[in-house]
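Observations on chain architecture
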Amino acid sequence: MANLKSLFKDTAIYGLSSIVARFVNYLLVPIQTAKFAASGGEYGVITNVYAYVAILIILLTFGMETTFFRFMNKEGQNQRVVYSTTLRMVGAVALVTTVIVLLFCRPIASLMGYGNHPEYVAVMYSTVAIDAFSCILFDYLRCVHKPVKFATLKIATIVLNILLNLVYFFVLPALHLNPFGIYGSDMHFNVVWVFYINLFCSAACLLFLHKELRGITGGFSWDSCRQMLVYAWPILVMGLAGQLNQCASQIIFPYFYDGTTTEAHAQLGIYGACIKIAMIMMMITQAFRFAYEPFVFSKTKDADNKETYAQTMKYYVIFTLLAFLFVMAYISLLRHIIGQSYWEGLRVVPIVMAAEIMFGVFFNLSFWYKLTDRTIWGAYLSGIGVVILFAIDIIFIPKFSYMACAWAGFVAYAVTMCISYWIGQRYYPVQYPIREILKYVALAIILFVGMHYASKLLPTWAAIGVNTILLLMFAAYIVKCDFPLANIPVIGKYFKK
């Protein structure tokens, strides 16, 4: 239980930073979806470009984040040298590839469908190169258990981003100022400034990590480098495949949509805006991942480690299902996060959130091959998911538009999750409380169906009331089965016999 308390504490801090950052970032969504109408497709461009960014960050870190934690806790390794070697490897790759991309910026932009805007590629890649290098610095903060600094920097960077967006979209236009010609009649000209602002914020964040950057002077070990690369390449394949499961649909959508480029970007913009509402699940998963990865590697020698993993899985499912029902209960309010012209895509929200829950379960299960050094299985499993996703997207996007993207992710995660559990029980058996977990899942499905019909058949205020009651029913079941009120700090004393 002490181990779980430590995990929950770090998760709470990482989660707070993630939730606050995402919440502040949500402020960009109403701003941008109000500024860029769905029919124009500009928000679709932003969605498409950031999908490439998500892939590139995986390529530029090439599995070194997980590898870094593994070798920092591995016997016989000098932590100072491991840290320095990792920084130099990732930094060199980021620098060299940035030079290459800048030299061939225009042809790359043409391949992406942005031949008239090569600046998209230049700014995007420069930003992702800085972020990739910063990832190792942030990983070091996680490794030495400095969640407060981690959270502070993450939140500060996002706050800076939102402030600069407000200045660009509201303050300067209100003052009738156009310094350096940063505004143009073409809305796509204004899109690039969204990327410029992101670049500036990433560079500013790197400056505040200067103390951690000193670790680069710890030397370079070719022996450690070779060992790390052998360990890392399956992680790279797995991470790339896993990220493709999350954003490949946004990348390939314009190529397979049955319509004009503008129509494709308009539909993609609707999908990209609506899944922002579903990102609360990604926030929880991400916060959990930040805390859980170093936690697992540091607890490998504990006698009760498998029991801890099993209980953590159950609690993860419980709280993600609670978050899912919360969003579904108040979707009529949360939809105002995005512009009204995007509301037609809200039907993807429950599908994407369910898929994200299964991704979190898959991440939980993934430690059987990480702890047994069978990382190749991560590549196999994620590869299966990518094949499924691409197949569904390619076949069904022309007919069902972005709904195909939502279901492709759902099916891909469901299949890989089940296969990972089945194989993992052979190599690293953990007695997960499957029956208890399935009871929560079944109850959540029943309550979700009730919320769906309440929202469909009742006036908004009445539906919210009914949905609140259903949500409280799930919370009551949690309290009854796993979190008795008597065990809750402070208020628990009032329920003790």
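The structure contained in this document is the topic of the report that follows. No experiment lies behind these values; they were computed from the predicted model shown. (Residues numbered from 1 in each chain as written. Predicted model: local features only at pLDDT ≥ 70, side-chain atom pairs only at ≥ 80, totals over all residues. Heavy atoms only, no water.)

Points about the packing of helix α4 (residues 64-72) against helix α7 (residues 118-143)
Applicable threshold: What counts as an axis is a line fitted to C-alpha atoms, over the stretch in contact for a helix, and the angles between N-to-C directions run from 0 to 180 degrees. Strands are runs of DSSP state E lasting at least 2 residues, helices are runs of H or I lasting at least 4, and numbering of each runs from the N terminus. Each crossing gets its hand from how the near helix is turned against the far one by less than a right angle, where anticlockwise is left-handed and clockwise is right-handed. Contacts between residues were defined by any pair of non-hydrogen atoms, one from each residue, lying within 4.5 Å. For this scheme, ten residues count as nonpolar: Ala, Val, Leu, Ile, Met, Phe, Trp, Tyr, Cys and Pro. Four count as charged, namely Asp, Glu, Lys and Arg, and the remainder, Gly too, count as polar.
Interaxial distance between α4 and α7 falls to 10 Å at its minimum, and their mutual angle equals 35°. For the crossing formed where α4 meets α7, the hand is right-handed. Of α7, the residues touching α4 (which contributes Met 64, Glu 65, Phe 68, Phe 69 and Met 72) are Cys 135, Ile 136, Asp 139, Tyr 140, Arg 142 and Cys 143. Residues of the contact of α4 with α7, tallied by class, amount to eight nonpolar, no polar and three charged.

Side note on the nonpolar core
Basically, it comes down to this: Here the nonpolar core consists of buried residues drawn from Ala, Val, Leu, Ile, Met, Phe, Trp, Tyr and Cys, with membership extended through side-chain atoms lying within 4.5 Å. For each residue, the accessible area found with a 1.4 Å probe, counting protein chains only, is set against the maximum for its type, and the residue is called buried under 20%, exposed over 50%, and partly exposed in between.
Among the nonpolar cores identified, the biggest contains 159 residues, and Tyr 271, Ile 338, Val 348 and Val 349 are the most heavily contacted of them. For this core, the element with the most residues is α7, which contributes 16 residues. Here Val 349 is in contact with Cys 274, Ile 277, Ala 278, Val 327, Met 328 and Ile 331, once residues within four sequence places are set aside.

Some thoughts on unusual backbone geometry
In this structure, Phe 62 is a non-glycine residue whose phi angle is positive, near 35°. Along the chain, Phe 62 turns up in the loop between α3 (42-61) and α4. Not every positive phi belongs to a glycine, and Ser 401 is a case in point at roughly 55°. Structurally, the position occupied by Ser 401 is in the loop between α18 (376-400) and α19 (402-427).

Notes on the side chain of Lys 314
Within the secondary structure layout, Lys 314 lies in helix α14 (residues 305-329). Discounting chain neighbours no more than four positions away, the residues touching Lys 314 are Pro 433, Glu 436, Ile 437 and Asp 482.

Comments concerning the packing of helix α5 (residues 79-103) against α7
Worth spelling out the cut-off: Working definition: roughly parallel below 35 degrees, roughly antiparallel above 145 degrees, roughly perpendicular at 65 to 115 degrees, and oblique for all remaining angles.
Contact geometry of α5 with α7 gives a least axis separation of 10 Å together with a crossing angle of 180°. By the criterion of interaxial angle, the relationship of α5 to α7 is roughly antiparallel. On α7, the residues that touch Tyr 83, Thr 86, Leu 87, Val 90, Gly 91, Ala 94, Thr 97, Thr 98, Val 101 and Leu 102 of α5 are Val 121, Ala 122, Tyr 125, Ser 126, Ala 129, Ala 132, Phe 133, Ile 136, Leu 137 and Tyr 140. Partitioning the contact of α5 with α7 into residue classes produces 15 nonpolar, five polar and no charged.

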